[in-house]
Structure formats: C-alpha cells, structure tokens
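# Per-entry structural report
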Amino acid sequence: MSIFAVNYLCREVLRDHAFRAAMKADPATALAPLELSDEERRCLLAGDVGQLYRMGANGFLMNYLARFEVCGLNAEIYNQRMRAVKVDEIGQPVA
Amino acid sequence: MAKIVAGFGVPHTPIFPHFVKRDGPDCEIAKLFGAQKEQLAAMRPDLIVMFDTDHLNTFFLDALPIFAIGIDKSFRAPNDEPRDVPNYVVPSLPALAAHIRAAAVTAGYDVAMTQHFSVDHSVIVPLHFLTPDMKIPVVPFFISGHVPPLPKAERCYALGQAVARAIEAWPEPLRVVVMGSGSFSLEVGGPRMAASRADGVPDPDWAARVIKLLDDQKIDQLIAESTQHRMLKAGNVGGELLNWIAMLGAIGNRKPTYVAPQMQNGHAYGVWTWN
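Now for a description of the structure that goes with this document. (Residues numbered from 1 in each chain as written. Chains lettered and ligands numbered in written order. Predicted model: local features only at pLDDT ≥ 70, side-chain atom pairs only at ≥ 80, totals over all residues. Heavy atoms only, no water.)

### So, the overall build of chain B
Regarding its fold elements, chain B presents nine helices and 12 strands. For a compact globule of 275 residues, the expected C-alpha radius of gyration is about 19 Å, and chain B comes in at 17 Å, within 12% of that figure. Projected onto its principal axes, the C-alpha positions of chain B cover 50 × 45 × 40 Å. With 275 residues in all, chain B has 62% of them scored as buried. In chain B, 79% of the contacts between residues at least 6 apart in sequence involve partners at least 24 apart. Total accessible area computed for chain B in this model is approximately 10100 Å², and 53% of it derives from carbon and sulfur atoms. Distance between charge centres in chain B, computed from 24 positive and 27 negative side chains, equals 4 Å. (Helix = DSSP H or I, 4+ residues; strand = E, 2+ residues; numbered from the N terminus. Rg over C-alpha atoms; globule rule 2.2 N^0.38 Å. Buried < 20%, exposed > 50% of the residue type's maximum accessible area, 1.4 Å probe, protein only. Contact = heavy atoms within 4.5 Å. Areas by Shrake-Rupley, 256 points an atom, 1.4 Å probe, with all protein chains shown as cover. Lys, Arg positive; Asp, Glu negative; His and termini not counted. Charge placed at Lys NZ, Arg CZ, Asp CG, Glu CD.)

Rendered as structure tokens:
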C-alpha cells in the first residue's frame, strides 16, 4: 500500500513547513528520500493528480499540493486535472 | 445532574472566517452564524459536546478510529491553517469526557481516545463564530465521516442517545449544548469539484432532502435514507451528515427551532431549543 506514502507526504506539505519549502524549491530532491513507487514519483513530479487519484490517493489530501502550489500545481490547474478524472456516482474512478 | 438544553447543527467551511473578515458583519455567513451565536448565548451553556469529523489532522490514515473522543483539560486549534483563524486554546472537561467514553464503551460503542491533541477547522471554525472568547469548555467527539467504510447512520443516532444518557448521569448541574458539525453535500479536492472552485456540491437535491426531513422532524426517514452510498454520492465529505445525526440522537426527536439552508455550500445552520 505505498499510496499511503503519497497521502502522507501531502499532509506533510501542510504540517511541515521545511518540507513545504523544499517541495516548492525542488520537488525531485525533496521526494528523493521517500519510499515511493516509480509511478507515484513520476506523477507527483508531473503534478498528475488525476492519475494519483486513480491510483487511490486521497483528493482531500492532494488538495494541499494545490493550496501550497507545489509540483507545478495551483488551484486552477489542480481543478482541471482532477475534474478530468471519470468517476462513478460515489466518486470512485472508472476506466 | 447535567442536562442537555439545546442542539445545534453547524457548518465549518474553512474559508468562511476569511470571507467574514473581508465582507463584514452584514454578509450572509456572518448573519447566519450571528443568529446561532445569539441562540447559543441564550442557552447559557456550561459545556458544548461537538460531534465532528476530523479531516485527517487529529488522526490520520495510519490510525483512524471510527469513533473517538478528546480527553484533556484543553486543546489547541487550528492545526490546518485555515485563513484568518487565530490560534486558540479551547478549555475542556477531561473527567466528563472520560465518563462519556466509559459509558459509551459500556453501551457497546468502542470509542478511541486522544489526549494532548489539537483539532482542525471542522471544530474551530464554528467555535470561532459562536464562542470566540473560548470560555465555554468543549468536548470533541469524532465520527469517521470521510474515509469509507462509514459507520451506519442508525448506529451514530444510537451513539448520540448513549452520549446523552452519559451526560444526564453526570452529577454536576451543567447545562450542555450538543453540536453536529458538517455538510450534507460537498466534494473537497475530488473530481466532483465545481469548475474553478476548490469544492463543489455534487448533490444539491440530497442537501435539500436532508433539510426537509429535519424540518418535518422525520428523523427515522432521514436515518433510513442516509446510507453510505447516498452520503458518498453527495460528495467525499457527505458523511459529515453523521455528526448531525448523532447530535439528533443526543437531543431526542424534536422539531427544530429553525434550519437555515445555505444551498450553494450544501449545508445548513440548525438550532433546536426547547423549554
């Protein structure tokens, strides 16, 4: 369940101001020591929150990436990428 | 003995303190919370017990209780940086909180506890508007309303009843107000956000239905309809309705004094007083 690491680091962007600053300055370096799958790391660095949602990451937590504008995200970009995810009527991703 | 004197249903939108600071005392949010503040003051509460869903701040996915209660002489807030909310220390009553927990466990509700804790906007935003002096002790009671599986609505209602019995068995003559914090239909940060917003109201019909059932005092019907599927269909925080349902269990099946909708946010401001 390594998607836990994605959810965890999203909350760390809120709580750990040094980590937040590091993610704003150089996300690849900030993420380097974390245990992430290659796909998770690629998606995070690309700000591909839609794919991370499909992989099980929590939308509420990923919203911190937009709020604090890391990984190339801001509110509008995040909104567009997340809204592009196809979901069923209870919000679960569908193919 | 302690007695429950009122029930309140409150929203907790984290940007609301900023909006009120920006837009002043005549804006809709300020007026709706202002009306509740007057109602609350008239009840002269000695304690507020607030049913609330933590937004993965007090707890997290590494240890996520379905039910939990905060037990300490005070707690800090907010821990999630909502805009224009000062840092508060909220007093609490740890002996009474521990008594509620023990009574709930005895009644069959396995309630976790947290001590030396802080809370997020979902507790402090309503208190910021309703009790800004932070003189009234608050016991937060956490219900997992965001991360499925959600507890069942009927169980949350019965939990509220058990909490009420515990409060009413407390020997001090405290006047207790019970609150439920949260939305009926809201998606935060998920795919069902509205365009160019950080949130959205995926199911306004459900929010209107909840408000109608509250107004009509059809609590059994509300509980029957509030399935996990129905609440999740209303948004990724739709399970916050469970906090209102637990509050209703605590106050008994009563007609509301009023339920004021704020449909653009999928929530309402509710007051239940009697006597």
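There is more to say, and it comes next.
### Concerning the overall build of chain A
What chain A contains, in helices and strands, is seven helices and zero strands. In sequence order, the secondary structure elements of chain A are arranged as α-α-α-α-α-α-α. For chain A, the C-alpha atoms occupy an extent of roughly 40 × 30 × 20 Å along the three principal directions. Within chain A, residue pairs in contact and separated by at least 24 positions form 53% of the contacts whose partners lie at least 6 positions apart. Of the roughly 4600 Å² of accessible surface on chain A, a fraction of 53% belongs to carbon and sulfur atoms. One way to put it: in chain A the 11 positive side-chain charges average out to a point 5 Å from where the 12 negative ones average out.

### Here's the deal with the nonpolar core
In summary, soluble globular proteins display a tendency toward joint burial of nonpolar side chains. Residue and element names in this part refer to chain B. In terms of nonpolar packing, the biggest core is built from 58 residues, with Phe51, Phe141 and Leu214 touching the most fellow members. Among the elements that line this core, the one with the most residues is helix 5 (residues 153-168), at 10 residues. When sequence neighbours within four positions are dropped, the list of residues in contact with Leu214 reads Phe184, Ile219, Leu222, Trp244, Leu248, Pro256, Val259 and Trp272. Counting 39 residues, the second largest nonpolar core, distinct from the first, contains Val90, Leu127, Ile136 and Phe142. (Core = buried A, V, L, I, M, F, W, Y, C linked by side-chain atoms within 4.5 Å.)

### Describing helix 1 (residues 16-23) of chain B
All names here are of chain B. Where helix 1 is concerned, the buried positions are Phe16, Pro17, His18 and Val20. Close packing links the buried residues of helix 1 with helix 2 (28-42), helix 4 (121-130), strand 11 (258-262) and strand 12 (267-273). Just past helix 1, the residue Gly24 takes up positive phi, approximately 85°.

### Some points on the pattern of salt bridges
What the rule picks out here adds up to 11 salt bridges over all chains. One salt bridge connects Arg20(A) with Glu81(B), and the closest N-O pair in it is separated by 2.8 Å. With Arg20(A) in helix 2 (residues 17-25) and Glu81(B) in the loop between strand 4 (74-77) and strand 5 (88-91), the pair connects residues from two separate chains. Residue classification places Glu81(B) among the partly exposed positions, given a relative accessible area of 32%. Ionic pairing is found between Arg22(B) and Asp23(B), a salt bridge with its closest N-O pair at 2.8 Å. Judged by relative accessible area, Arg22(B) falls into the exposed class, the value being 52%. (Salt bridge = Lys/Arg side-chain N within 4 Å of Asp/Glu carboxyl O.)

### Some thoughts on helix 6 (residues 59-67) of chain A
Burial within helix 6 of chain A is extensive, with eight of its nine residues counted as buried. Looking at helix 6 of chain A, one finds that the buried residues are Gly59(A), Phe60(A), Leu61(A), Met62(A), Asn63(A), Tyr64(A), Leu65(A) and Ala66(A). Looking at the buried side of helix 6 of chain A, the elements it contacts are helix 1 (3-15), helix 4 (38-46), helix 5 (49-54) and helix 7 (75-83) of chain A together with helix 4 and strand 9 (187-188) of chain B. Where helix 6 of chain A starts, the residue carrying a side-chain oxygen 2.8 Å from the main-chain nitrogen of Phe60(A) turns out to be Asn58(A). Trailing helix 6 of chain A by a residue or two, Glu69(A) shows a phi angle of about 55°, which is positive. (Polar contact = N/O pair within 3.5 Å; in protein donor to acceptor, adjacent residues only side chain to side chain.)

### Regarding the interface of chain B and chain A
Every contact between the two is made by 27 residues of chain B and, on the other side, 27 residues of chain A. Taken over both partners, the interface formed by chain B and chain A buries close to 2200 Å², and the fraction arising from carbon and sulfur atoms is 57%. Contact with chain A buries surface across chain B, with Phe60(B), Glu81(B) and Pro191(B) losing the most and accounting together for 28% of the total. Here chain B is connected to chain A by two salt bridges. (Buried area = accessible area lost by both parts, 1.4 Å probe.)

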